[in-house]
Amino acid sequence: MLTPEQKARQLIDQQLEEAGWLIQDAAKVNMSAGLGVAVREFQTSTGPADYALFVDRKLVGVIEAKAEGSLLGVVAEQTARYLTSTTKFVQRAADQLPFGYEANGDEVRFCDWRDPQPRSRNVFSFHQPKTLQGWLADGDDTLRHRLQSLPALATHGLRDCQVEAIRNLEESFKHDRPRALIQMATGSGKTFTAVSFVYRLIKFAGAKRILFLVDRGNLGRQTLTEFQQYVTPDDGRKFTDLYNVQNLTSNSLSSVSKVTITTIQRLYSMLRGEAEFEAGNEEESGFEAEAALTAVRPKEVAYNAALPPETYDFVVIDECHRSIYNVWQQVLEYFDAHLIGLTATPAKQTFGFFNRNLVMEYTHERAVVDGVNVGSDIYLIGTRISQQGSVVEKGLPVQHVERLTRKKRWEALDDDLPYAATQLDRSVTAPDQVRTVIREFRDVLFTQLFPGRHIVPKTLIFAKTDAHADLIVDIVREEFGKGNEFCKKITYGTTGEKADDLIKRFRNSFEPRVAVTVDMISTGTDIRPLECLLFLRDVRSRVYFDQMKGRGTRVISTSDLQIVTEDAPAKTRFVLVDAVGVTHSDKKDPATSERIKGLSFKDLLKAVSLGSTEPDHLKALATRLARLHQQLSPAEQTIIGTHAAGATVQDLAGRLYDAVDPVKVEDAAIELAAAAGEPTFTLGPEGEEIPTEPAEAYFRQAEHQLTLAAVAPFDNPELRAVLEKLHAQKDLIIDHLSVDEVRTSEFGERFSPAQAAENLARQQVDKFRAFIKEHHTEILALEVLHNQPWRRRELTHRQLRDLADALKLESPDLTPAHLWDAYERLDKARVRSSAAPTGSKSLLTNLINLVQFALERTDVLEPYALTVEQRYRQWLHQQQLAGRLFSEPQQQWLNMMKDHITTSLTVEAEDFDYAPFGDHGGFGRARVLFGDELLPVVKELNDVLAA
């Protein structure tokens, strides 16, 4: 039985070997055996190091090994001692060795002691010898050193919000924060911002490689285009003329690419060592798989020598709003890299994953105020059927449509068929309900929505299903009296024309004017000329709905807009037409790590395709497939066989059952043991054969093989699509009999720039007040201002800086300037401003008056500079009345002291050696002017002005 320490050593040896290290005992060292040699129990002046690491015959670091289960957080000091201990006869990389590791078999921590502020961090495994060799070649100029001295950002061509995002991100790098989140409204240029900072990280920080993860395949292609079109601000050439960018369409990684673009699904496939990955699995939005993702166990990854953790220095995670962190967290954390998240709509778990390091918060409201987004008008269309449903009476003929083949037949109903509004376009379709909405939309389009126009604005309609989308397309063409090119369906089910080509035409050409989608272009896709969104489906996810609305918020120049819509004067807003109550339905945040019970058939298929091998999921899917098998015609079985390598639905169900059947697993384990030459039986006392149970390893291997064979067919998205259609109620009932009518047709909420500014200001003020309430006992400046105002003289500039840093960490828009603007917008009558330079809204000292105003201790908010100025004038007046007069040179010095107090809260004698005092003779000159009165005057000003 191995001790915990022995077990840890065994695991550490395995991890080192996987990373390419040769392990040797101290008594049998052979430095020429390979590039990297790890020597056990290597003697130093302070005792033997558990492992000494040699690269190219040179000692570069040590590993401190602890027993399995040991905490490693406090072991770094012990490692540091060995790094500085002297050694005999060997070449050293430096007097203090640069690389220190702590490990217990389950966890590895690493510190590069050449960094500006050496800090231990968790890494997936040990770095490869060639990696350490490359780092050593950099000398003391480590990546974290280079991040400390990035050159000033060239702001030409960047929006203010993009400048702020990049600067804040680089400030986060300087503090060596491993994760950072950038929240920027849809349409504000997140990808352009990312390409800008990626360029700087490569050119100025010397990043070797950067990974760019996208939500789905078409966004990867869109991101590649962004890199290809990016003109570098200092060089003038295109990004891709300088650096190679690879958008992965296979599992083969280019060795020369500086930037790799891929989906997280493909990345996981590569980490598993798979040679290929089905491209169709990259085309579906993460929102569609939300329930399935929540049901899947977290993806477990193993070390991959072909793609080691040090492959990338930075990982950019685009559209990181998805509730993926419980599933993909190990994949994201595999690389020893800074993680940078980009999103317009973060969920709660997004903030947690990025350690609440929100370096940029640029909301839709702020983007509308800045003119980076356009606001929206909501127009409500309500019909009787969409609000109440309907009833088809028994005995009347209705049309049935087979979902898979689309064959139609007429049958009379045996009973009344009532259906609710929620069943519309799921199990029952009422064409007149769609027609009534589209007809009303057509009739108000040029009278109320876009008065005076005659060309249909670019319009995106959200449908519930692919079949629903087909119906909408036909009705739109008919009601507008247009041909096929006028309205197009763009979904995963689009056939003939490629979806990417259709999206490009919708964006850049006159036709189509109307596109109908389910999910494909609901997130991320950039279609700037879009002026109208029509919702014919409800959405209950807050994040998803915000993303869908974001399709309309993007700004476009009038000239570019008129290329595709020549009668559009300008895009100053978009119209959201709500025909299903989507703007009023309850919205929820994405599910967290709780498992969702009772998964739908679609979600079960998706869960298995994403890697779920939980027995409950496999059994549930097998049961539903077995039931489906009984309902299928021979023709339908044949269609399935073409997508499942000839297997029937019964075959698919049987394999799933086998994977969780203990008997089948045992039989397979016995076969594996026999194939390996293991005895499968022993002889009894009378010579009879008694079966022997295979070793546990064979059971695990058998379970793995059976499970892999069972779930592999479901990797094929085409098979899943066919099964989903067949499993759905076989017949979709078409209610041609119910006649609908419009009940509501009117504008609802209008979201103008002025409203956006007020909403933004309200949010900022509410966050500021909540912060004060929550932290008034933790932050010294707040404690003084909140509970003990008589101690205000004790406040220091450093304490105010701590308060400002804490506010900015809470939310990047809680700066003195932003807060000042917020209060000024909400309560202008009680907010004063100053034109003097020292009255700037951004002054740190303004926090004093902002806190007092938030606590309702003052009736008027004025710049701290005005407060100081008023006290200063009053003090001078009092001195004059007392007969104390100051010469003009003395007055000049008093003014400088007053200005210094305005910005720094106090002035001290030692400040006189620095600007602006130093430029006027410094302390010596002040002493000559004021004599023995100098220090009393300084103290008096501090007491009076900063009180």
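Observations regarding the overall build of the protein chain
In step 1: Along the backbone of the protein chain there are 35 helices and 30 strands.
In step 2: By the burial criterion, 54% of the 947 residues in the protein chain qualify as buried.
In step 3: For the protein chain, the share of sequence-separated contacts (at least 6 apart) that also reach a separation of at least 24 residues comes to 71%.
In step 4: Surface accessibility of the protein chain: about 41,600 Å² in total, with carbon and sulfur atoms responsible for 49%.

A few points about the packing of helix α27 (residues 753-775) against helix α31 (residues 846-854)
In step 1: Running from N to C, α27 and α31 cross one another at 90 degrees; their axes reach a closest spacing of 10 Å. Compared by their axis directions, α27 and α31 come out roughly perpendicular. On the side of α27, the interface is formed by F768, R769 and I772, while α31 contributes L850, V851 and A854.
In step 2: A per-class count over the contact of α27 with α31 returns five nonpolar, no polar and one charged.

Describing the sheet that holds strand β26 (residues 573-578)
In step 1: If you walk across this open sheet you meet the seven strands as β23-β24-β22-β25-β26-β16-β30, and the pairing is mixed. The open sheet terminates on both sides in strands that have one partner only, identified here as β23 (487-489) and β30 (742-751). On average, each strand axis in the sheet is inclined to that of its neighbour by 20 degrees, with strand direction left out of account.
In step 2: Of the strand pairs in this sheet, strand β22 (residues 459-462) and strand β24 (residues 514-517) are connected by four bridges, and their pairing is parallel. Bridging across to β24, F462 finds its partner in T517.
In step 3: On top of the sheet, helix α16 (residues 466-480) reaches β22, β23 and β24; it is set at about 170 degrees to β23, its chief contact.

What about the pattern of salt bridges?
In step 1: Applying the stated rule across the entire model yields 49 salt bridges.
In step 2: Notably, a salt bridge pairs E68 with K7, separated by 3.9 Å at the nearest N-O pair. Remark: K7 occurs in helix α1 (residues 4-18) and E68 occurs in the loop between β4 (58-65) and α2 (76-84); sequence separation between them is 61 residues.
In step 3: When its relative accessible area of 39% is taken as the criterion, K7 is described as partly exposed.
In step 4: Sharing partners across several salt bridges, the network here consists of R435, R439, R442, D443, E478 and E479.

Here's the deal with the packing of aromatic side chains
The geometry of an aromatic ring pair is captured by two quantities: the separation of the ring centres and the angle between the planes.
In step 1: Inspection of every chain in the model, using the stated rule, returns 30 aromatic pairs.
In step 2: Summarising the aromatic geometry, the rings of Y199 and Y230 are spaced 6.2 Å apart at their centres and angled 50 degrees between planes, so their arrangement reads as tilted. Here Y199 is found in helix α6 (residues 190-203), whereas its partner Y230 is found in the loop between α7 (217-229) and α8 (239-242), with 31 residues between them in sequence. An identical accessibility class is assigned to Y199 and Y230; each is buried.

Let's talk about the packing of helix α21 (residues 615-629) against helix α23 (residues 649-660)
In step 1: Axis separation between α21 and α23 bottoms out at 8 Å; the angle between their running directions is 155 degrees. Taken together, the axis directions place α21 and α23 in an arrangement best described as roughly antiparallel. For the pair α21 and α23, the sense of crossing is left-handed. Within the contact between the two elements, α21 uses P615, L618, K619, L621, A622, T623, L625, A626 and H629 and α23 uses V649, Q650, L652, A653, L656, Y657, A659 and V660.

Points about a negative patch on the surface
In step 1: Taken together, the side chains of E666, D667, E671, E693, E696 and E703 define an acidic patch exposed on the protein surface.
In step 2: Residue assignment for the negative patch shows that the elements contributing at least two residues are α24 (662-675) and α25 (696-711).
In step 3: The topology assignment puts E666 in helix α24.
In step 4: Residue classification places E666 among the partly exposed residues on the basis of a relative accessible area of 33%.

Thoughts on the environment of A568
In step 1: Mapped onto the fold, A568 is located in the loop between α19 (558-564) and β26.
In step 2: Looking at A568, the relative accessible area reads 0%, which means it is buried.
In step 3: Between the C-alpha atoms of A568 and P529, which are 39 residues apart in sequence, the distance is 9.8 Å.
In step 4: Once you skip the residues sitting within four places of it in the chain, A568 turns out to touch R453, E531, T558, L561 and Q562.

Remarks on the nonpolar core
One broad trend across soluble globular proteins is that nonpolar side chains are buried collectively.
In step 1: Formed by 53 residues in total, the largest nonpolar core has its most connected members in F768, L803, L894 and M897.
In step 2: The greatest single-element share of this core, amounting to six residues, is contributed by α31.
In step 3: Counting residues in hydrophobic clusters, the runner-up holds 46 residues, among them A19, Y268, F353 and L358.

Considering α23
In step 1: Counted at 1.5 Å a residue, the expected span for α23 with its 12 residues is 16 Å, and the 18 Å between its end C-alpha atoms agrees.
In step 2: V649, L652, A653, L656 and A659 are the residues of α23 that are buried. Relative to the axis of α23, the buried residues are bounded by an arc of 120 degrees and lie together on one face.
In step 3: Buried residues in α23 make contact with α21, α22 (634-643), α24, α25 and α26 (717-727).

Remarks on the side chain of K488
In step 1: Here K488 shows up in strand β23.
In step 2: For K488, a relative accessible area of 9% corresponds to the buried category.
In step 3: Look past the residues within four positions of K488 in its chain and what remains in contact with it is V473, R477, E497, L502, R505, P512, V514, A515 and V516.

Concerning the sheet that holds strand β13 (residues 314-318)
In step 1: Overall, parallel pairing links the seven strands, which are arranged β11-β12-β10-β13-β14-β9-β15 in an open sheet. The sheet is open, and its two edges are formed by β11 (245-247) and β15 (358-362), each paired on a single side. Along the sheet, successive strands turn relative to each other by an average axial angle of 15 degrees, direction set aside.
In step 2: Packing of helix α5 (residues 160-174) onto the sheet brings it into contact with β9 (179-184), β13, β14 (338-343) and β15, and relative to β15 it is tilted by some 170 degrees.

Comments concerning α7
Within an α-helix, residues lying three or four positions from one another point in the same direction, as the helix has 3.6 residues per turn.
In step 1: Here α7 is 13 residues long and its end C-alpha atoms lie 19 Å apart, about the 18 Å a rise of 1.5 Å per residue gives.
In step 2: Burial in α7 covers these residues: G217, N218, L219, G220, T223, L224 and F227.
In step 3: Here the buried face of α7 lies against α6, β10 (210-214), α8, β11, β12 (259-263) and α17 (499-508).

Regarding unusual backbone geometry
In step 1: In this chain, E511 is followed by P512 through a cis amide linkage whose omega measures 5 degrees.
In step 2: By the element assignment, P512 lies in the loop between α17 and β24.
In step 3: Omega for the bond connecting A915 with P916 falls within 30 degrees of zero, at 0 degrees, which places this linkage in the cis form.
In step 4: Structurally, P916 can be placed in the loop between α33 (888-904) and α34 (922-930).
In step 5: The residue R57 is not glycine, and still its phi comes out positive at about 75 degrees.
In step 6: The topology assignment puts R57 in the loop between β3 (47-55) and β4.
In step 7: You can call R57 partly exposed: its relative accessible area is 46%.
In step 8: Positive phi is not limited to glycine here, since N355 has a value of about 55 degrees.

Topic: the pairing of β12
Looking along a regular strand, one sees the side chains alternate between the two faces of the sheet.
In step 1: Counting buried residues in β12 gives five out of five residues, a clear majority hidden from the surface.
In step 2: Taking every second residue as pointing to the same face, both faces of β12 are buried, with V259, I261 and T263 on one and T260 and T262 on the other.
In step 3: One ladder, built from five bridges, connects β10 with β12; its direction is parallel. Among the inter-strand pairings, L211 is bridged to a residue of β12, identified as T260.

What about the side chain of S738?
In step 1: With respect to the helices and strands, the residue S738 is situated in the loop between β29 (731-734) and β30.
In step 2: In terms of polar contacts, S738 uses its side chain to reach the side chain of S390, at 2.8 Å.
In step 3: Among residues more than four places away in sequence, those in contact with S738 are I385, S390, V391, V392, Y419 and D432.

Some remarks on the environment of L941
In step 1: Within the secondary structure, L941 is located in helix α35 (residues 934-945).
In step 2: With 66 residues separating them along the chain, L941 and W875 place their C-alpha atoms 8.5 Å apart.

Description of the confidence of the model for the protein chain
In step 1: For the protein chain, per-residue confidence averages 84 on the pLDDT scale, and 90% of positions sit at 70 or higher.
In step 2: Confidence over residues 591-597 falls short of pLDDT 50; this stretch has 18 contacts with residues more than four positions distant or in other chains.
In step 3: Contacts of residues 835-839 to residues separated by more than four positions or lying in other chains number seven contacts, the stretch itself having pLDDT below 50.

About the criteria used
- Residues numbered from 1 in each chain as written.
- Predicted model: local features only at pLDDT ≥ 70, side-chain atom pairs only at ≥ 80, totals over all residues.
- Heavy atoms only, no water.
- Helix = DSSP H or I, 4+ residues; strand = E, 2+ residues; numbered from the N terminus.
- Buried < 20%, exposed > 50% of the residue type's maximum accessible area, 1.4 Å probe, protein only.
- Contact = heavy atoms within 4.5 Å.
- Areas by Shrake-Rupley, 256 points an atom, 1.4 Å probe, with all protein chains shown as cover.
- Axes fitted to C-alpha atoms, helices over the stretch in contact; angles between N-to-C directions.
- Parallel < 35°, antiparallel > 145°, perpendicular 65-115°, else oblique.
- Nonpolar A, V, L, I, M, F, W, Y, C, P; charged D, E, K, R; others polar.
- Pairing = 2+ DSSP bridges.
- Salt bridge = Lys/Arg side-chain N within 4 Å of Asp/Glu carboxyl O.
- Phe/Tyr/Trp six-rings, centres within 6.5 Å; stacked < 30°, edge-to-face > 60°.
- Left-handed = near helix turned anticlockwise from the far one by under 90°.
- Patch = residues over 30% accessible without salt bridge, like charges linked within 9 Å, V, L, I, M, F, W, Y side chains within 5 Å.
- Lys, Arg positive; Asp, Glu negative; His and termini not counted.
- Charge placed at Lys NZ, Arg CZ, Asp CG, Glu CD.
- Core = buried A, V, L, I, M, F, W, Y, C linked by side-chain atoms within 4.5 Å.
- Expected span 1.5 Å × (residues − 1).
- Arc of directions from axis to C-beta.
- Polar contact = N/O pair within 3.5 Å; in protein donor to acceptor, adjacent residues only side chain to side chain.
- pLDDT = per-residue confidence, 0-100.

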